[in-house]
Amino acid sequence: MIEATGGHLAGDVDAVQRLVQVDQKPIGRTPRSNLATYTGLFDHVRKLFAATPDARRRRYDAGRFSFNVAKGRCETCEGEGFVSVELLFMPSVYAPCPTCHGARYNEATLKVQWNGRNIAEVLQMTVDEASEFFAGEDAVARPLQLLRDIGLGYLRLGQPATELSGGEAQRIKLATELQRSQRGRSLYVLDEPTTGLHASDADRLLVQLQRLVDAGNTVVMIEHDMRAVAQADWVIDVGPGAGDAGGRIVIAGSPGQVARTTNSRTAPFLAQELARART
Ligand SMILES: [Zn+2]
């Protein structure tokens, strides 16, 4: 099932200036990349810390609050928060850093607080908690709200990229994209973005995708979830079966048209969903 949302796809390629593939590949391969750094919101958090009277007096700039820069981070673990322990005849294991106990920063950096919290404590916050904590700071609050909107409020800001699922990585990319482009004329390609999501989170995601469309972009996605398919402007039903029995376009049209197609395997399921959505 391929679904297209947004009017100007066919025959109007000039309308597309940019192609964005929002896939489920990891957003980083090391624990140094995390939710806060990837989305760019950590840059703003570090600036807030650097602007505190305490940081100014100590002459700490925003770089001081990065765990990737030598001056502010813990020397023992070099900002990793953990150390590799070599074991005889066994693969090495990771243990919390004995110096910073996972905080990643050196003691002097951790002395600086913004509204009563240090930078390591901020990284421990969930998106929901941070959203409240930074409510008055638009540059931080806006990306946090987007992450909540797509159902990622439970993730910690410092959650290492390596711990994120493919679906979470995909939604983080989408949130980053949503805050970046309000220009329109981009084509977004997504592969089953609702996979693994609860119905309420899938609905939140679809609201965000609709926002992209409302801003003049086009969203094309492969999808088996009829909730998503029913909301599309245009549906291309590929089949009729799976594997060797598929690969042909059975019908293309509005969800209503596809639902009325007799030889489509998708039709009865889509019809059911359309009926449900109407009630
Ligand atoms: Zn350390």
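Please read these numbers as outputs of a predicted model, since none were measured by experiment.

A. Local environment of the coordination of the zinc ion. For the zinc ion, the protein coordination sphere consists of Cys74 (SG), Cys77 (SG), Cys97 (SG) and Cys100 (SG), at 2.3 Å. Coordination at the zinc ion is tetrahedral: its four donor atoms span angles of 106 to 114° at the metal. The motif formed by the donor residues of the zinc ion, counted along the single chain, is C-x2-C-x19-C-x2-C. Of this pair, Cys74 sits in the loop between α3 (53-57) and β3 (82-87) while Cys97 is found in the loop between β4 (90-96) and α4 (107-110), placing the two residues 23 residues apart along the sequence.

B. Quick peek at the domain arrangement of the protein. Taken domain by domain, the protein consists of domain 1 (1-26 + 165-279) and domain 2 (29-163). Placing the centre of domain 1 and that of domain 2 at their C-alpha centroids yields a distance of 35 Å. Taken together, the contact pairs 15 residues of domain 1 with 15 residues of domain 2. Across the domain 1/domain 2 interface, buried area totals approximately 1400 Å², and carbon plus sulfur atoms make up 61% of it. At the boundary of domain 1 and domain 2, one finds zero salt bridges. Counting the contacts that link domain 1 with domain 2 gives three residue pairs in polar contact (both at pLDDT 80 or more). Residue assignment for the side of domain 1 that touches domain 2 shows that the elements contributing at least two residues are α8 (166-180) and α9 (199-214). Broken down by element, the residue count for the side of domain 1 that touches domain 2 peaks at eight residues, all from α8. Its residues assigned to classes, the side of domain 1 that touches domain 2 comprises five nonpolar, four polar and six charged.

C. Just the pairing of strand β7 (residues 234-239), in detail. Only one face of β7 is buried, namely the one carrying Val235, Asp237 and Gly239, since none of Trp234, Ile236 and Val238 on the opposite face is buried. Pairing geometry for β7 and strand β8 (residues 248-253), over five bridges, is antiparallel. Following the sheet pairing, Gly239 is matched in β8 by Arg248.

Conventions and cut-offs
The residue numbers shown here count from 1 along each chain, following its written sequence. For this predicted model, a pLDDT threshold of at least 70 governs which residues receive local features, and a threshold of 80 or more governs which side-chain atom pairs are given and counted, while totals over whole chains, interfaces and linings are taken from all residues. Processing note: side-chain calculations cover all non-hydrogen atoms of the structure and skip hydrogens and water entirely. Sites may look incomplete because water is not among the atoms; the donors themselves are N, O and S atoms within 2.8 Å of the metal, or within 3.2 Å for Na, K and Ca. Only two sets of limits are used to name each site, 85 to 135 degrees for every angle of a tetrahedral four-donor site, and over 155 degrees for opposite donors with all other angles from 65 to 115 for a square planar four-donor or octahedral six-donor site, with any other site named irregular. A helix here means a DSSP run of H or I that spans at least four residues, while a strand means a run of E at least two residues long, and both kinds are numbered starting from the N terminus. Each domain's extent was defined by an automatic or database domain assignment. Pairs of residues are marked as contacts when any of their non-hydrogen atoms sit within 4.5 Å. When two components associate, each loses some accessible surface as probed by a 1.4 Å sphere; the sum of these losses over both components is called the buried area. Every case where a carboxyl oxygen of Asp or Glu lies within 4 Å of a side-chain nitrogen of Lys or Arg is listed as a salt bridge. Definition of a polar contact: a pair of N or O atoms within 3.5 Å, with one able to donate and the other able to accept a hydrogen when the atoms are protein atoms, and with sequence-neighbouring residues admitted only if both atoms are side-chain atoms. Gly is placed with the polar residues, together with every amino acid not listed as nonpolar (Ala, Val, Leu, Ile, Met, Phe, Trp, Tyr, Cys and Pro) or charged (Asp, Glu, Lys and Arg). For the exposure calls, accessible area comes from a 1.4 Å probe over protein chains only, and a residue counts as buried if that area is under 20% of its type's maximum, exposed if over 50%, partly exposed in between. The criterion for strand pairing is that DSSP finds at least two bridges linking the strands in question.

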